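One letter stands for each residue in the lines below.
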Amino acid sequence: MDYQLDFAKVKKFVEKNGSYTYRRTQNTYVLPFPTREPERVKFANGFGPIIGAVLRTLNGEKLEFNKDQDTLSLILKEGKFDDKETEKIFQLFVENELDQIENANISRIQYLKNIPFIEDKSERKGEKELFQFFYDSFIRDNEEEFIKIFESMESSDLLSKIINVSISEEEKYFVPQYKMLFPKLRERFLADVGTMATNPAFCVQHLTDLALHYCFIAMAQTIIQTNKYTKANYEQLHRVVFIIQSESGSKWRDFYNEGFKLLKEEVKEFLAHEHVLNLLGNNTFTEGDNWYYTDYAKYFSDKNSNEEEQFVKSIYQWINEEYANYFTNTEEIPYTGQTLEEAFRHLNFTVRKNIQTAPNSRYVLAFESIATKFYRKSGGPLGNILAVNLHQLLMLVAVSVGERGKKLELNKLWVEFEKRGVFLDKYSKIEVVKILDNLNYLDKKSDSGDAQYVKSIL
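Residues numbered from 1 in each chain as written. Predicted model: local features only at pLDDT ≥ 70, side-chain atom pairs only at ≥ 80, totals over all residues. Heavy atoms only, no water.

Student: Can you tell me about the overall build of the protein, naming the residues and giving the values?
Tutor: Counting secondary structure elements, the protein contains 19 helices and 8 strands. Residues counted as buried form 52% of the 458 residues belonging to the protein. Counting only contacts in the protein whose residues sit at least 6 apart along the sequence, the fraction spanning at least 24 positions is 77%. By element, 45% of the accessible surface of the protein is carried by carbon and sulfur atoms, the whole surface being about 21900 Å². (Helix = DSSP H or I, 4+ residues; strand = E, 2+ residues; numbered from the N terminus. Buried < 20%, exposed > 50% of the residue type's maximum accessible area, 1.4 Å probe, protein only. Contact = heavy atoms within 4.5 Å. Areas by Shrake-Rupley, 256 points an atom, 1.4 Å probe, with all protein chains shown as cover.)

Student: Would you mind going over unusual backbone geometry in detail, with residue names and values included?
Tutor: Phi at Asn-290 is positive, roughly 60 degrees, even though this residue is not glycine. With respect to the helices and strands, the residue Asn-290 is situated in the loop between helix H12 (271-280) and helix H13 (293-301). Although it is not a glycine, Asn-440 adopts a positive phi angle of roughly 65 degrees. Considering the arrangement of structural elements, one finds Asn-440 in the loop between helix H19 (426-438) and strand E7 (442-443).

Student: I'd love a proper account of the nonpolar core, names of residues and values included.
Tutor: Ranked by internal contacts, the top residues of the largest apolar core, which has 134 residues, are Phe-134 and Trp-318. Excluding anything up to four places from it in sequence, Trp-318 contacts Leu-5, Phe-7, Val-10, Tyr-20, Leu-279, Tyr-323, Leu-347 and Val-351. Counting residues in each nonpolar core, the second largest holds 8 residues, with Val-241, Ile-243, Phe-255 and Phe-423 among its members. (Core = buried A, V, L, I, M, F, W, Y, C linked by side-chain atoms within 4.5 Å.)

Student: Could you give an account of helix H6 (residues 143-153), naming the residues involved and the relevant values?
Tutor: Taken together, the buried positions of H6 are occupied by Phe-146, Ile-149, Phe-150 and Met-153. One face of H6 carries all of its buried residues, which in axial projection span an arc of 90 degrees. Exposed and facing more than 90 degrees away from the buried side of H6 are Glu-144, Lys-148, Glu-151 and Ser-152. For H6, the elements touching its buried residues are helix H2 (48-58), helix H5 (121-139), helix H8 (183-196) and helix H9 (200-226). (Arc of directions from axis to C-beta.)

Student: Break down the sheet that holds strand E8 (residues 453-455) for me, with residues and values.
Tutor: Note: strands within a sheet are paired through backbone hydrogen bonds, in either parallel or antiparallel orientation. Pairing is antiparallel in the open sheet, where 3 strands are placed in the order E6-E8-E7. One side of each edge strand has no neighbouring strand; the edge strands of this open sheet are strand E6 (407-409) and E7. Sheet topology note: the E7/E8 ladder contains 2 bridges and is antiparallel. When the sheet's bridge partners are listed, Leu-442 is paired in E8 with Val-454. Packed onto the sheet, helix H18 (residues 410-419) meets E6, E7 and E8 and runs at close to 90 degrees relative to E6. (Pairing = 2+ DSSP bridges. Axes fitted to C-alpha atoms, helices over the stretch in contact; angles between N-to-C directions.)

Student: Tell me what's going on with the sheet that holds strand E5 (residues 384-388), and back it up with residues and numbers.
Tutor: The mixed open sheet is built from 3 strands, whose spatial order is E3-E5-E4. One side of each edge strand has no neighbouring strand; the edge strands of this open sheet are strand E3 (243-244) and strand E4 (376-378). Sheet analysis places E4 next to E5, joined by 3 bridges and oriented antiparallel. Looking at the pairing, Ser-378 lines up with Asn-384 of E5.

Student: Tell me about the packing of aromatic side chains, and name the residues and values.
Tutor: On inspection of all chains with the given rule, the structure shows 44 aromatic pairs. Pairing Phe-189 with Tyr-214 gives two aromatic rings, centres 5.2 Å apart and planes at 65 degrees, and the pair type is edge-to-face. Of this pair, Phe-189 sits in helix H8 while Tyr-214 sits in helix H9, and the two are 25 residues apart along the sequence. Relative accessible area serves as the criterion here: at 2%, Phe-189 is assigned to the buried category. (Phe/Tyr/Trp six-rings, centres within 6.5 Å; stacked < 30°, edge-to-face > 60°.)

Student: Outline the environment of Leu-58, listing residues and values.
Tutor: Mapped onto the secondary structure, Leu-58 falls in helix H2. Residue Leu-58 is classed as buried on the basis of its relative accessible area, which comes to 14%. On a C-alpha basis, the gap between Leu-58 and Arg-140 in space is 9.8 Å, while along the polypeptide they are 82 residues apart. Filtering out sequence-adjacent residues up to four positions away, Leu-58 remains in contact with Tyr-135, Ile-139, Glu-143, Phe-146, Ile-147 and Phe-150.

Student: Kindly report on the side chain of Gln-225, identifying the contributing residues and their values.
Tutor: Following the sequence through the fold, Gln-225 ends up in helix H9. Side-chain polar atoms of Gln-225 contact the backbone nitrogen of Asn-233, separated by 2.9 Å. Setting aside anything within four residues of it in sequence, one finds Gln-225 in contact with Phe-182, Ala-232, Asn-233, Tyr-234, Gln-236 and His-238. (Polar contact = N/O pair within 3.5 Å; in protein donor to acceptor, adjacent residues only side chain to side chain.)

Student: Describe the environment of Leu-279, naming the residues involved and giving the relevant values.
Tutor: Inspection of the secondary structure assignment puts Leu-279 in helix H12. What makes Leu-279 buried here is its relative accessible area of 0%. For the pair Leu-279 and Asp-6, spaced 273 residues apart in the sequence, the C-alpha separation amounts to 9.6 Å. Apart from the residues lying within four places of it in its own chain, the contact partners of Leu-279 are Leu-5, Val-10, Phe-13, Val-14, Tyr-20, Trp-318 and Leu-347.

Student: Outline a nonpolar patch on the surface, supporting the account with residue identities and numerical values.
Tutor: Judged by side-chain polarity, Trp-252, Tyr-427 and Ile-430 come together as a nonpolar surface patch covering roughly 370 Å² of accessible area. Its place among the elements puts Tyr-427 in helix H19. Judged by relative accessible area, Tyr-427 falls into the partly exposed class, the value being 34%. (Patch = residues over 30% accessible without salt bridge, like charges linked within 9 Å, V, L, I, M, F, W, Y side chains within 5 Å. Salt bridge = Lys/Arg side-chain N within 4 Å of Asp/Glu carboxyl O.)

Okay, here's the thing in structure tokens:
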């Protein structure tokens, strides 16, 4: 077997009308960020539309839900009214309830499935792509467990039965696209949803925020780890430091270089990885999709050095003989025994020089806008700071400590936060302790010097 890039396949992938294009999502799906501005998700209803689509999918219903006259008619058809006036009053009540659901003001878990995607066609496309990423990353292969959790939370009161509109069922299997790089994160999300479900009211209030948090952490960690090429470690989350919204920040604090500034630096050239990983997938030996740099390293670790060398040589040959035909400013890089890691880096650095600024900046903005919308604290001269607000903090404490009656040693709380992608410096930890103490969620340290414990919020 040959171990090299398939130049004919690569040409078919990159070329359009004789010009080079920076295509992606042919064989490898990395992140759901668009390079077209109209498709960027603005999150007018937060993460609600994504969770709504998840619940509809788990329920075997159509992916899209639109609140229209047919929805109202279905509900009214089930009722029996003494007169027209009674029917009109009931209709106004139901319309108000549906409006509340559409605006993500949810009081029951089953209402979540009635949150529609955004009306704007282009942005809806972006929401659907985000749904695909989240579903593949956190729901797929755990569907049965999530169905049991959500069914256990469903209300059986009359109002729930009235509003629980039966959306047309659609047995539609959609193909997995994204690869979950952090399996521990996926299992932790499932466990956290199960924990929150022990307090249904709390879960309804915080489920979309928890899902958004895990989705954001997965995106951030994907960016950081992919930038490490073959040295990526998907078993250990990279340190990304947050601050508490109520704190004041200083430049010498950990968050300054290891928070928003870090993410901004890591993502600024990331679009090139999306193209390069798909380009590399056009080879003569891989089977299946979604190969990352570490997958190639692992694959060749089981081969002899000559086979890896053959692949590495083909990368340099492609740069010097094929890519240079499209861009005359390409610097020749002779093969001098470089490693697989070095070949990947040279390939990335070469192709990213010619990526147009506009699509790259729109791709970056799609990620940064999530951070600034949900985790932003204005630091004045410090710029944007990555921060968690009180609502997010209490949610993280709740899932970290566990269900009603449980307690967690304070020092272990920071470990639980880090498992969920939130790292704090010692000053932020002091702020958290102060907040928990004020809210009476902290057991006082005893005179004997025993450790402090955080009480369950659930």
